[in-house]
Every structure is written in structure tokens, then in C-alpha cells.
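Here are the chains, one letter per residue:
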Amino acid sequence: MPRLAFDAEQLHLTLDDGQTLAQHVLWLQDHDPARRHANGQRLDSVLDLDWDAAISEAALEEGDVLRVTLSNAREIRYGVDELAALSTGFPDERSSAHKTLWQGSEFSVARVEWADVIAGGEARRKALACVRDTGVVCLRGVPVEPGKVLEVIEQFGYVRETNYGKLFDVRTEVSPSNLAFSNLGLGAHTDNPYRDPAPSIQLLHCLSNEVEGGQTLLVDGFAAAERLRELAPESFALLTRTRVPFRFHDADHADLRSWVPFIETDHKGNIRQVRYNNRSIASLPLPLEAQRAFYRAYHDWARVIGQPEQATRLRLAPGDCLLFDNSRVMHARTAFVAGGNRHLQGAYADLDSLYSTLNLLENAR
């Protein structure tokens, strides 16, 4: 039987499993189930709270219903399970506290068949859950046809259109506006840090890969940031509080700029987003006395990201489509010999729609 205690300002309900729910009288007013629309949205604002109200009575009624009476004669009723759910809330899906962190040397990218995904059911849920939990999934057997990457996005959300268009082609160009469109090797990086917000999902669909070299490398940026925190805590702390200028510009299409930190954390210190793209850092207007410390932290971050054990390697085959969290997973590639045919099509989307689709699928279970 749950145990109840209260005073004028606070209510404490201890459940049979030992969990204690403790709430202030203001919280109890704000979460009153009777002051919600049928769609779940609040009908009252914080300005409607009675700051002079006190708890005058609280009792557990038959059917596990908690009745709270306030000094202004207002009654608030909660089901015990309902109160527990409201007190716990839902997890921050972006936080490293709710992720499976990995080092590349011990990690293999999960592969899910595209035919199973479009058939619905468990395969679709599994693919999206892989992105939520580990940051990446590889869909196999996506038809080798231009534009199919957009159909992949339709399985969970919406295209994030940029100056590159709804999709973009990654293949060698004579005078590329971006080094991604060359045959050069690329170090581990997140895409588009010069956008705020940056696209939080990236897709790369392999249409052909007949070159020597051109391996894809993936790094768990959350795991790398935790490694930095362990090895160089001062550098980690400095990079969470220093905003760095990123910029991309070409003559005709875009001049994109942002000021954002390399590592973002929440109020508990959990990691929520990482960025790294040395090609896109703009000039750094740092005070002289701050420059050495910043470059030491920047160097430490780059060194951890570049450690061979941080990266997992794979060679994309025609029909493979990588789907990964661009706010967490860094990607890279080895150089390849020009002249062969290597063609990927990429596109961007956002995590909010992927999480929404996944939540609906898991609610239905």
C-alpha cells in the first residue's frame, strides 16, 4: 500500500516498490489532469498558478486515486500510476546518458534489409532504434537508382533541403566547391557545422564504388568526447564553453556562418551534441591570453578523434545506404584513385521526425 505524507508546500508518496514521488504544491497545480485538453496540452499557463495556495489535505482513495485539497478549496486528483509517469517524465533522447557508446575497434554497424524496412513491422523499428541508440544503421539492398535516398527518408520523416538541394552527389569534380567532391581522403568530421541548427541526420546511398580505396570510417563522437573528458578534463571543459566560428561560402550560392561549441552538454554534464570539421572553421578572434589554452584543447580533441581505435571501417557496396546521427557520429573516408567510378548520393533530415516515428512504433508495441 502506498504511503502518503505532506505539509503545506510538499507532498511525498512512497510506492510499493520503494520509489518516492515528491512534488511541490505549484507542480501539483501545474500538472492537474483536469486542466488538460483531450489532446494533452495544458489549458492553464504559469500565470494561473495560485502562489498562496497550500496543501490542506491529501488522501488515497479507492482505485489508487490521490486526492489533494488546497487551501483555496481546489481539488486535484491523480491516478497513482499517472502521477508516477508525470513525475518521471520521458528521457532526453539526445543525451549520451541514454545511448550505447562504442569504440570502432569493438563495434560493427548494424545492417537491416531495405525490403524488410519497407514491409513495415519490426525491421523498420529496429533500423530507427539503431540510429537512436548507437547513432548509425546500414540499410542493405536499397535499389541502385538515383533519388532513392529520398524514399529512405520518407520511411521516418522529411528532407532537410539545403543549398546543396534536396540531395547531393558525392563524386569527383574538376574544381570542387567542397573537398567532399574530390578524391582526397577526409578526416573524421560532422557535416554542416556552419549551420545552426545543423542537419541532425545524414544519409549516404552508394550507387557505385569501383575505385581502389575510398573506405568509409565512422567515429562515435559521444564516446570520443567521454574519452577526452577522461584524459584531459580541462580541455573538455574549455571546449564546452567556447563558441567556435564555422563558415562555408562560395561565390554564387551560400555564405553560411555559425558560432557553436565543439561539445554541448546538458545541465547534468551529459553530452548532447558534438561538432568537428577542421575544414570549415573560420578565423578565430581569440584574445592572445586565451589562444594557447584553446589550441591545446582543440589539439586534444582532434587527437582523440583521430585515434585508430575510435573508428570503425566499412566499404560501401552498391545498394548500401548509411543512415546516421550527424549530431553524434563523425564520418570520414580514405583517399581513392581518381578515374574509377565512385558515386554516392546524400541527403539530410532531422532527428525529431525519426524519434517521433520510432516513438509511435514503440507505443504501438
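Each remark here, short or long, concerns the structure printed above.
Note that the structure is predicted; figures quoted are calculated from it, not measured. (Residues numbered from 1 in each chain as written. Predicted model: local features only at pLDDT ≥ 70, side-chain atom pairs only at ≥ 80, totals over all residues. Heavy atoms only, no water.)

Asks: If you had to explain the sheet that holds strand E20 (residues 342–349) to someone new, which residues and values would you point to?
Replies: The strands making up a sheet associate through hydrogen bonds between their backbones, and the pairing can be parallel or antiparallel. In spatial order, the strands read E7-E8-E18-E11-E20-E9; together these 6 strands make up an open sheet with mixed pairing. Looking at the sheet topology across the chains shown, the edges are occupied by strand E7 (111–113) and strand E9 (168–170). Averaged over all neighbouring strand pairs, the angle between strand axes comes to 25°, with direction disregarded. Note that strand E8 (residues 136–140) and strand E18 (residues 321–325) share 4 bridges and pair antiparallel. In the sheet register, Cys 138 faces E18, and the bridge partner there is Leu 322. (Pairing = 2+ DSSP bridges. Helix = DSSP H or I, 4+ residues; strand = E, 2+ residues; numbered from the N terminus. Axes fitted to C-alpha atoms, helices over the stretch in contact; angles between N-to-C directions.)

Asks: Which residues make up the packing of aromatic side chains, and what values go with them?
Replies: In this structure the tally under the stated criterion is 14 aromatic pairs. Aromatic pair Phe 294 and Tyr 295: ring centres 5.6 Å apart, planes at 80°, arrangement edge-to-face. Look at Phe 294 and you get buried, because its relative accessible area is 2%. Note on Tyr 295: relative accessible area 45%, which makes it partly exposed. Through successive ring pairs, a cluster of aromatic residues spans Phe 246, Phe 262, Tyr 276, Phe 294, Tyr 295 and Tyr 298. (Phe/Tyr/Trp six-rings, centres within 6.5 Å; stacked < 30°, edge-to-face > 60°. Buried < 20%, exposed > 50% of the residue type's maximum accessible area, 1.4 Å probe, protein only.)

Asks: Explain the layout of surface pockets to me, using residue names and the numbers behind them.
Replies: Put simply, the second largest pocket is a space of about 150 Å³. For the lining of the second largest pocket, a count of residues per class yields 3 nonpolar, 4 polar and 5 charged. (1 Å grid on protein atoms, 1.4 Å probe; cavity = no way out; pocket = protein on both sides within 12 Å on 5 of 7 lines; lining within 4 Å. Points joined across faces, edges and corners; volume = space filled by probe spheres on them. Nonpolar A, V, L, I, M, F, W, Y, C, P; charged D, E, K, R; others polar.)

Asks: How would you summarise unusual backbone geometry if you had to cite specific residues and measurements?
Replies: Backbone torsion omega between Asp 196 and Pro 197 reads 10°, so that peptide bond is classified as cis. Along the polypeptide, Pro 197 turns up in the loop between strand E10 (186–189) and strand E11 (201–209). Its identity as a non-glycine residue notwithstanding, Ala 73 has a phi of 80°, on the positive side. Within the secondary structure, Ala 73 sits in the loop between strand E5 (65–70) and strand E6 (75–79).

Asks: Which residues make up the nonpolar core, and what values go with them?
Replies: In terms of nonpolar packing, the biggest core is built from 50 residues, with Phe 262, Ile 263, Trp 301 and Leu 322 touching the most fellow members. Here this core gets 6 residues from one element, more than from any other, and that element is helix H8 (residues 288–306). Beyond its immediate sequence surroundings of up to four residues, Leu 322 is in contact with Val 109, Val 136, Val 137, Cys 138, Gln 202, Leu 203, Leu 204, Thr 216, Leu 218, Leu 314 and Leu 316. If you look at the next biggest cluster of nonpolar residues, it comprises 26 residues, including Val 152, Ile 201, Leu 351 and Leu 358. (Core = buried A, V, L, I, M, F, W, Y, C linked by side-chain atoms within 4.5 Å. Contact = heavy atoms within 4.5 Å.)

Asks: I'd like to hear about H8, residue by residue, with values.
Replies: Each α-helix turn comprises 3.6 residues. Residues three or four places apart therefore point the same way. For H8, which comprises 19 residues, the first-to-last C-alpha distance of 27 Å matches the rise-based estimate of 27 Å (1.5 Å per residue) to within 8%. For H8, the full list of buried residues reads Phe 294, Ala 297, Tyr 298, Asp 300, Trp 301, Val 304 and Ile 305. (Expected span 1.5 Å × (residues − 1).)

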